[in-house]
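Structural description and commentary
This is what each chain is made of:
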Amino acid sequence: MTRKAAFTAVKTVKAYERVVEQIESAISTRDLRPGDRLPSERELMLTFEVSRSTIREALRVLESTGLVRSRPGDPRGPEVLQASPAILTKTVNRLVRLETIALSELVEFRIMLEDAACTLAAQHRTEEQLEAMRAAVDAMQAEIAHGPVAFSRADVAFHASVWAASDNQLMQICGEATRGALIDMVTGGLDRSPDSAAKMELSLAHDREILAAISAGDGPMAGRLARSFVIEYYGDVISPEGRAVQGGVAGA
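Since this is a predicted model, take the numbers as computed values, not measurements.

1. Quick look at helix H5 (residues 103–124)
Its 22 residues place the ends of H5 31 Å apart at the C-alpha level, agreeing with the 32 Å of an ideal helix rising 1.5 Å per residue. Taken together, the buried positions of H5 are occupied by Leu106, Val107, Arg110, Ile111, Leu113, Glu114, Asp115, Ala117, Cys118, Thr119, Ala121 and Ala122.

2. Looking at unusual backbone geometry
Excluding glycine, residues mostly have negative phi values, and the peptide bonds linking residues are mostly trans. Positive phi, close to 70°, is recorded for Arg30, a residue that is not glycine. Relative to the helices and strands, Arg30 resides in the loop between helix H1 (15–28) and helix H2 (41–48). Given the relative accessible area of 44%, Arg30 is considered partly exposed. With a phi angle near 55°, Glu49 is a residue other than glycine that sits in the positive phi range. Positionally, Glu49 belongs in the loop between H2 and helix H3 (52–64).

3. Let's talk about the packing of helix H6 (residues 127–143) against helix H7 (residues 148–165)
Axis separation between H6 and H7 bottoms out at 8 Å; the angle between their running directions is 170°. Here H6 lies roughly antiparallel to H7, going by the angle between them. Side by side, H6 and H7 meet where Gln129, Ala132, Met133, Ala136, Val137, Ala139, Met140 and Glu143 of the first sit next to Ala150, Phe151, Ala154, Asp155, Ala157, Phe158, Ser161, Val162, Ala164 and Ala165 of the second. Here the residues of the contact of H6 with H7 are counted per class, giving 14 nonpolar, two polar and two charged.

4. Details of the pattern of salt bridges
According to the stated counting rule, one finds nine salt bridges in the structure shown. Taking the shortest distance from any N to any O, the salt bridge between Glu41 and Arg52 comes out at 2.9 Å. With a gap of eleven residues between them, Glu41 in helix H2 and Arg52 in helix H3 connect regions that are remote in the sequence. By relative accessible area, which is 34% here, Arg52 ends up partly exposed. Of the charged contacts, one joins Glu131 and Arg134 as a salt bridge, the two residues approaching to 2.6 Å between their closest N and O atoms. Separated by three residues within a single helix, Glu131 and Arg134 lie in helix H6, roughly one turn from each other. A relative accessible area of 42% means that Glu131 is categorised as partly exposed. Under the relative-accessibility criterion, Arg134 is labelled partly exposed at 27%. Connected through shared salt-bridge partners, Glu41, Arg52 and Arg56 make up one network.

5. With respect to the nonpolar core
Ranked by size, the top nonpolar core spans 30 residues in total, and within it Cys118, Met133, Phe158, Val162, Ile210 and Ile214 carry the most contacts. Residue assignment for this core shows that the elements contributing at least two residues are H5, H6, H7, helix H10 (196–215) and helix H11 (219–234). Sort the elements by how many residues they give to this core and H7 lands first, with eight residues. In this view, Ile210 contacts Cys118, Phe158, Ala222, Leu225, Ala226 and Phe229; residues no more than four positions away in its chain are not counted. Judged by nonpolar contacts, the second largest core, of 18 residues, contains Val19, Ala26, Met45 and Val80.

Conventions used here
- Residues numbered from 1 in each chain as written.
- Predicted model: local features only at pLDDT ≥ 70, side-chain atom pairs only at ≥ 80, totals over all residues.
- Heavy atoms only, no water.
- Helix = DSSP H or I, 4+ residues; strand = E, 2+ residues; numbered from the N terminus.
- Expected span 1.5 Å × (residues − 1).
- Buried < 20%, exposed > 50% of the residue type's maximum accessible area, 1.4 Å probe, protein only.
- Axes fitted to C-alpha atoms, helices over the stretch in contact; angles between N-to-C directions.
- Parallel < 35°, antiparallel > 145°, perpendicular 65-115°, else oblique.
- Contact = heavy atoms within 4.5 Å.
- Nonpolar A, V, L, I, M, F, W, Y, C, P; charged D, E, K, R; others polar.
- Salt bridge = Lys/Arg side-chain N within 4 Å of Asp/Glu carboxyl O.
- Core = buried A, V, L, I, M, F, W, Y, C linked by side-chain atoms within 4.5 Å.

Here's what the structure looks like:
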């Protein structure tokens, strides 16, 4: 019996992609560190044995992903940058606006993020971080008079202070990456409310409850409150089945 191997089509890889792969690999293995300089364009051309246009295209791609910064005429060569959530933030916002990521998925992600962040913040928060949360809640109170946009920014600032207190860098990055989309979501919810002032007051009261639980060091309570409040506010965005699942987890 003759066996047939499962072959797939061969993808042609452009030269600049190979250059990008090698530089990315050097950064990921820490052979290149933030602040280091890449060789000049001419040296890169000789090293990779490619044209100037290929090197420039590779550097353009690396800059667009936030890995390097290149200044025209700089004799020191492109600089390797510190990792930043800025590119992830732009990508998430773009995916949400283009509806590649459904709003329901964003809500479900926020439910999980806020639950975990509040739980961890109650365990790890410092007195200085608690003061930052209190200041953010006070700012929310003051911004009610200025309308949904100002209030939403203050609301997200409170949650950002919680993310910071979680003592989990990846959680902070994910929180920052979804910050813009969350502001749009909070503002949209308030704009659709027939009584936005009352809804802002309710949101403020909820955040005060979360703050009290974090201050008391009660992680499970802080997590449950955060999860249930997001479901209460944005549960209409996700399916009834999704609400049931998320609500069941909150109850547990």
